[in-house]
Amino acid sequence: MFYLIAYISSVVLINYAFSSAPHLDVIWSAWGGLVFILRDMVQTRYGHGALLAMLMALVLSYATSEPAIALASATAFFVSELIDWLVFSVTRRPLRDRLWLSSALSIPVDTFIFFGMIGALTPAVVGTALASKFAGVTAVWLIMAWRARRAVATS
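In this report, the structure presented in the accompanying data block is examined. (Residues numbered from 1 in each chain as written. Predicted model: local features only at pLDDT ≥ 70, side-chain atom pairs only at ≥ 80, totals over all residues. Heavy atoms only, no water.)

This next bit is on the overall build of the protein. The helix and strand tally for the protein stands at six helices and zero strands. The linear arrangement of helices and strands in the protein, starting from the amino end, is α-α-α-α-α-α. Over its C-alpha atoms the protein spans a radius of gyration of 15 Å, differing by no more than 12% from the 15 Å that the globule rule assigns to 155 residues. C-alpha extents for the protein along the principal axes are approximately 55 × 30 × 25 Å. Taken across its 155 residues, the protein has 45% of its residues classed as buried. For the protein, restricting intrachain contacts to residue pairs at least 6 apart in sequence, the fraction spanning at least 24 positions comes to 73%. Approximately 7,900 Å² of the protein is accessible, and the part contributed by carbon and sulfur atoms is 74%. Placing the 10 positive and 7 negative side-chain charges of the protein at their respective mean positions leaves the two points 16 Å apart. (Helix = DSSP H or I, 4+ residues; strand = E, 2+ residues; numbered from the N terminus. Rg over C-alpha atoms; globule rule 2.2 N^0.38 Å. Buried < 20%, exposed > 50% of the residue type's maximum accessible area, 1.4 Å probe, protein only. Contact = heavy atoms within 4.5 Å. Areas by Shrake-Rupley, 256 points an atom, 1.4 Å probe, with all protein chains shown as cover. Lys, Arg positive; Asp, Glu negative; His and termini not counted. Charge placed at Lys NZ, Arg CZ, Asp CG, Glu CD.)

Listed below in structure tokens is the structure:
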């Protein structure tokens, strides 16, 4: 339940932040990296229920953010969520690998769609968004790989 609430809240708060202080887009783009990890954890725990969580977050975003921000977010999330869903549905690799693979495919797509639609597709924003998102998912992958190796070593 923690991941579900954190995911929905993060989407809404990030969209609100972009609406209320667009000049801080580099900061908000760094925070956006967390959403991908949370989305994958929701996908892992709730399966296709992640789509309902995304829908709830986007409805709340429309109520709290500028319509252009909410539309960009909805479009980017829809496309990247489809990529994520495909990876999780088709790939039978360990969870840590599916997390990284889905992120490697969906992060650039999401980033370019969202920032392109809100007119903030600058090298600084895109670089920060990509770096923070990939750093976050790589850190989670490393932790999960370390835990898996430790579990094998103690068995």
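Our focus in this paragraph is helix α1 (residues 2–20). With 19 residues, α1 ought to run about 27 Å at 1.5 Å a step, and its terminal C-alpha atoms sit 26 Å apart, in line with that. Three or more residues of α1 are buried, namely Leu4, Ala6, Tyr7, Ile8, Ser10, Val11, Val12, Ile14, Asn15, Ala17, Phe18 and Ser19. (Expected span 1.5 Å × (residues − 1).)

Moving on, we get to the packing of aromatic side chains. A complete count under the given rule lists six aromatic pairs for this structure. Taking the centre distance of 5.5 Å and the plane angle of 70 degrees together, the rings of Phe2 and Tyr3 count as edge-to-face. Look at Phe18 and Phe115: their rings are 5.7 Å apart centre to centre, the planes differ by 65 degrees, and that puts the pair in the edge-to-face class. Separated by 97 residues along the polypeptide, Phe18 in helix α1 and Phe115 in helix α5 (residues 95–117) bring together distant segments of the chain. With respect to burial, Phe18 and Phe115 carry one shared label: buried. Through a chain of ring-to-ring contacts, three or more aromatic side chains come together here, namely Phe18, Phe114 and Phe115. (Phe/Tyr/Trp six-rings, centres within 6.5 Å; stacked < 30°, edge-to-face > 60°.)

Time to look at the packing of α1 against helix α3 (residues 49–64). Look at α1 against α3: their axes get within 9 Å of each other, and the N-to-C directions meet at 30 degrees. As judged from the angle between their axes, α1 and α3 are roughly parallel. Considering only the axes of α1 and α3, their crossing is right-handed. From α1, Leu4, Tyr7, Ile8, Val11, Val12, Asn15 and Tyr16 reach across to α3, where they touch Ala53, Met54, Met56, Ala57, Leu58, Leu60, Ser61 and Thr64. (Axes fitted to C-alpha atoms, helices over the stretch in contact; angles between N-to-C directions. Parallel < 35°, antiparallel > 145°, perpendicular 65-115°, else oblique. Left-handed = near helix turned anticlockwise from the far one by under 90°.)

Before going further, it helps to spend a moment on the side chain of Asn15. Inspection of the secondary structure puts Asn15 in helix α1. According to the relative accessible area criterion, Asn15 is buried, its value standing at 3%. In this structure the side chain of Asn15 is engaged in a polar contact, spanning 3.0 Å, whose partner is the side chain of Ser73. Those residues in contact with Asn15, other than ones at most four positions away along the chain, are Ser61, Ser65, Ile69, Ser73 and Phe114. (Polar contact = N/O pair within 3.5 Å; in protein donor to acceptor, adjacent residues only side chain to side chain.)

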